[in-house]
Amino acid sequence: MKDDDLMAEIREDSLVRYKGTGTTGIVKVLKVEDDGQTWAYLDSTGLYYRLDMLELIEKPPERKELEGMTLEQIQERFKQTQEMMDAAKMQDDNLETGG
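Let me begin by describing the structure that accompanies this report. (Residues numbered from 1 in each chain as written. Predicted model: local features only at pLDDT ≥ 70, side-chain atom pairs only at ≥ 80, totals over all residues. Heavy atoms only, no water.)

## Remarks on the overall build of the protein
At step 1: A count of helices and strands for the protein gives two helices and five strands.
At step 2: Taken from N to C terminus, the helices and strands of the protein fall in the order α-β-β-β-β-β-α.
At step 3: Out of the 99 residues in the protein, the part that is buried amounts to 15%.
At step 4: For the protein, long-range pairs separated by at least 24 residues make up 35% of all intrachain contacts whose partners lie at least 6 apart in sequence.
At step 5: Split by element, the accessible area of the protein, about 7900 Å² in all, is 50% carbon and sulfur. (Helix = DSSP H or I, 4+ residues; strand = E, 2+ residues; numbered from the N terminus. Buried < 20%, exposed > 50% of the residue type's maximum accessible area, 1.4 Å probe, protein only. Contact = heavy atoms within 4.5 Å. Areas by Shrake-Rupley, 256 points an atom, 1.4 Å probe, with all protein chains shown as cover.)

What follows is the structure in structure tokens.
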């Protein structure tokens, strides 16, 4: 599908999903480069994506992994994730690099 065809479908305020990672967002700006490549700026990431890598969606996907959890459970999961990230960072800090 050509950018012109995609432009006819995807426009500002369209809800889209990036095919590469599944990231969703609302198109805030469409930008056409000198070479004809069209880019869409998504509100959710603050990044531009090539139009041919986006697909229109009806509604955002549901976050099933958090479904049925209380606020306390969500906070605990966040805390555990943060602790794992901190531990990984500490391991990275201890690495020596050769020169």
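## Notes on the packing of aromatic side chains
At step 1: Counted under the stated rule, the structure contains two aromatic pairs.
At step 2: Where tyrosine 18 meets tyrosine 49, the ring centres are 4.8 Å apart and the plane angle is 50°; that geometry is what we call tilted. On the criterion of sequence distance, the pair formed by tyrosine 18 in strand E1 (residues 15–18) and tyrosine 49 in strand E4 (residues 48–50) is long-range, its members being 31 residues apart.
At step 3: Note on tyrosine 49: relative accessible area 10%, which makes it buried. (Phe/Tyr/Trp six-rings, centres within 6.5 Å; stacked < 30°, edge-to-face > 60°.)

## Quick notes on the sheet that holds strand E5 (residues 54–56)
At step 1: The five strands are arranged E4-E3-E2-E1-E5 in an open sheet whose pairing can be described as antiparallel. Every interior strand has two partners, whereas the edge strands, E4 and E5, have only one. Across this sheet, the average inter-strand angle for adjacent strands is 50°, counted without regard to direction.
At step 2: As judged from the three bridges shared by E1 and strand E2 (residues 24–32), these two strands associate in the antiparallel manner. In the strand pairing of E2, arginine 17 is matched with threonine 24. (Pairing = 2+ DSSP bridges. Axes fitted to C-alpha atoms, helices over the stretch in contact; angles between N-to-C directions.)

## Side note on the pattern of salt bridges
Close approach of charged atoms allows side chains of opposite charge to pair.
At step 1: With the rule as written, the count across this model stands at four salt bridges.
At step 2: Here arginine 17 makes a salt bridge to glutamate 55, at a shortest N to O gap of 2.8 Å. Of the two residues, arginine 17 sits in strand E1 while glutamate 55 sits in strand E5, which places them 38 residues apart along the sequence.
At step 3: For glutamate 55, a relative accessible area of 29% translates into the label partly exposed. (Salt bridge = Lys/Arg side-chain N within 4 Å of Asp/Glu carboxyl O.)

None of this, on its own, says anything about what the molecule does.
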